[in-house]
Amino acid sequence: MVSRVIPVEDFDLVIFGGTGDLARRKILPGLFRRFLSGQMPKTSRVIGAARSDINTDGYRQMIRDAIAEFGGAEKENTAGIEAFVGQLHYVTVDAKGDGGWAELHDLIRFEVVNAFYFSVAPSLFGDLAERLHTYEIADADSRVVVEKPFGRDLASAQALNETLAEHFKESQVYRIDHYLGKETVQNLMAVRFGNMLFEPLWNNHYVDHIEITVAETVGVGGRGAYYDKSGAMRDMVQNHLMQLLCLIAMEAPSEFESDAVRDEKLKVIRALQPVEPHHIVRGQYDAAGDEPSYREDAGDPRSFTESFIAMRCEIANWRWAGVPFYLRTGKKMKARTSEISVVFKDLGHSIFPGDEKRHRNILSIQLQPNEGMQLQVTIKEPGQGGMRLVDVPLDMTFADALGPDAEGAADAYERLIMDVIRGNQTLFMRGDEVEAAWAWTDPIIEGWQARNDVPKLYDQGSSGPDDAMALMHREDRKWRDIKG
């Protein structure tokens, strides 16, 4: 296969927090890969802006070092690195003061696409937005990218949206969730709406249940202080898992256009039923040998914050009425994986003598670590007498099926940043989406706080607390095994 690389318009991208961890690990190495692919114009510029008192030469060296540390095979391309860092600039700015803003204004080219990436704490969004307008750096055509968290509850999300709305139209704001930039996540829509095979079956007549699992093998580690104020519900369910649920459950938009897609996602969130307490399981990983417990990692021996959560959800609409959606995410689990599984119903009756096993077709969509899809089908076991049935997967691992194109595809941040430059908001969350998600999430959190709910301990390297297994077992269902 020959991939089509579509260049974007000439642009100036300003990264506030340009010396931070996200910029060095993800944003700049990702832009370097887009540069090498020919997608980033050679006249475009990336401008780092932060408090660090360094100059452009110092910044270029910092990014050389970042590519060497966090890049892949492309980090050996010395000539490419030198060409890329030649397009980098740096300005020392004070987010809460006046330092550096006049210099930033003089550096910006107003005749090209201008985008401003707020890779900083949300508490600085208002200060940055105000100064961008005070110094006439941003205009009605500028784009601003904001990182999660988009608040920690409905009230703070509304306040954050109001702050951004004071200076930017909603059409200018790109709320970035890197999960939505994953190749397989986007393929959810292709599978849903590009194949006659699945769409007639995508409803409560044929689907038994849907599972969404995001499991990590790492603990909270150095993020303990932050994570303990957030927990799995705020950190993962309210945004990442919610977005995956929307893409799986949404109706077909009238066209593949940003607001049409986001309108349908919003309908799903608003149709989510309140979750009953007995349909929620919270957990914390326990100590294991020399490995610390969650409470030790968080630095709070009495913490009730969850590092694991599993829940049963329902969507109150005609397509999905009665179909449970099981969501599960946790840290220190047996494997690193993100997977969506659409489990279809039993046939109800087998015509094959002696076949007592339950056979189900399962469409499994793997988001990480190996992007791809599998469709489990039932066939006759080869070499056996009679009709002995066995379930086998039809496998489409992207790297195997698509070859070098899949291996060299843009990662999530690269793809999303290029969409910002193109002005395509399809894979970014709209303000009302964020608020609707918090409106559903807040009562769940308030409920377990009111009950003084204590998370269940679970072993590191496991699939979570036993109670999470029972969440499905009592309905004669079983979680799919967590495999990396």
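Participant: Quick question: what am I supposed to make of the packing of aromatic side chains here?
Facilitator: To describe a pair of aromatic rings, one takes the distance between the centres and the angle between the planes. For the coordinates displayed, the defined rule picks out 15 aromatic pairs. With a centroid separation of 5.6 Å and 35° between ring planes, the pair formed by Phe-16 and Trp-101 is classed as tilted. Remark: Trp-101 occurs in helix 4 (residues 101-107) and Phe-16 occurs in strand 1 (residues 11-16); sequence separation between them is 85 residues. Overall, Phe-16 belongs to the buried group, its relative accessible area being 2%. Consider the rings of Phe-32 and Phe-84, whose centres lie 5.4 Å apart with planes at 50°: the pair is tilted. Residue Phe-32 is found in helix 1 (residues 21-36), and its partner Phe-84 is found in helix 3 (residues 78-85); the two are separated by 52 residues along the sequence. Across the pair, exposure class does not vary: Phe-32 and Phe-84 are buried alike. Linked through ring pairs, Phe-16, Trp-101, Phe-116, Phe-118, Phe-125 and Tyr-135 together constitute an aromatic cluster. The ring of Phe-35 is capped by Lys-42, whose NZ or CZ atom sits 5.7 Å from the centre of that ring. Here the basic side chain of Lys-182 rests over the ring of Tyr-179, its NZ or CZ set 5.3 Å away from the ring centre.

Participant: What exactly am I supposed to notice about the sheet that holds strand 2 (residues 45-50) here?
Facilitator: The strands that make up a sheet are held in pairs by hydrogen bonds between backbone atoms, and each pair lies either parallel or antiparallel. With parallel pairing, the six strands of this open sheet are ordered in space as 3-2-1-4-5-6. In the strand order of this sheet, the two ends are held by strand 3 (88-92) and strand 6 (173-176), each with one partner. This sheet shows a mean twist of 20° between the axes of neighbouring strands, independent of strand direction. For strand 4 (residues 113-118) and strand 5 (residues 143-147), the ladder comprises four bridges, and the chain directions are parallel. Within strand 5, the position partnered with Phe-118 by the bridge is Val-146.

Participant: Explanation requested: the sheet that holds strand 7 (residues 207-215) in the structure shown.
Facilitator: Spatial ordering of the open sheet is given by 14-13-12-11-7-10-9-8-15, a layout of nine strands whose pairing is mixed. Each edge of the open sheet carries a strand with a single partner, namely strand 14 (389-397) and strand 15 (456-458). Each strand of the sheet is rotated relative to its neighbour by a mean of 20°, with strand direction disregarded. Two elements, strand 7 and strand 10 (residues 325-330), share six bridges in a ladder whose sense is parallel. Counted as the bridge partner of Thr-213 is Arg-328 from strand 10. In this fold helix 7 (residues 183-194) packs onto strand 11 (337-344), strand 12 (362-368) and strand 13 (372-380), with an angle of close to 150° to the strand it touches most, strand 12.

About the cut-offs
- Residues numbered from 1 in each chain as written.
- Predicted model: local features only at pLDDT ≥ 70, side-chain atom pairs only at ≥ 80, totals over all residues.
- Heavy atoms only, no water.
- Phe/Tyr/Trp six-rings, centres within 6.5 Å; stacked < 30°, edge-to-face > 60°.
- Helix = DSSP H or I, 4+ residues; strand = E, 2+ residues; numbered from the N terminus.
- Buried < 20%, exposed > 50% of the residue type's maximum accessible area, 1.4 Å probe, protein only.
- Lys NZ or Arg CZ within 6 Å of the ring centre and 35° of its normal.
- Pairing = 2+ DSSP bridges.
- Axes fitted to C-alpha atoms, helices over the stretch in contact; angles between N-to-C directions.
- Contact = heavy atoms within 4.5 Å.

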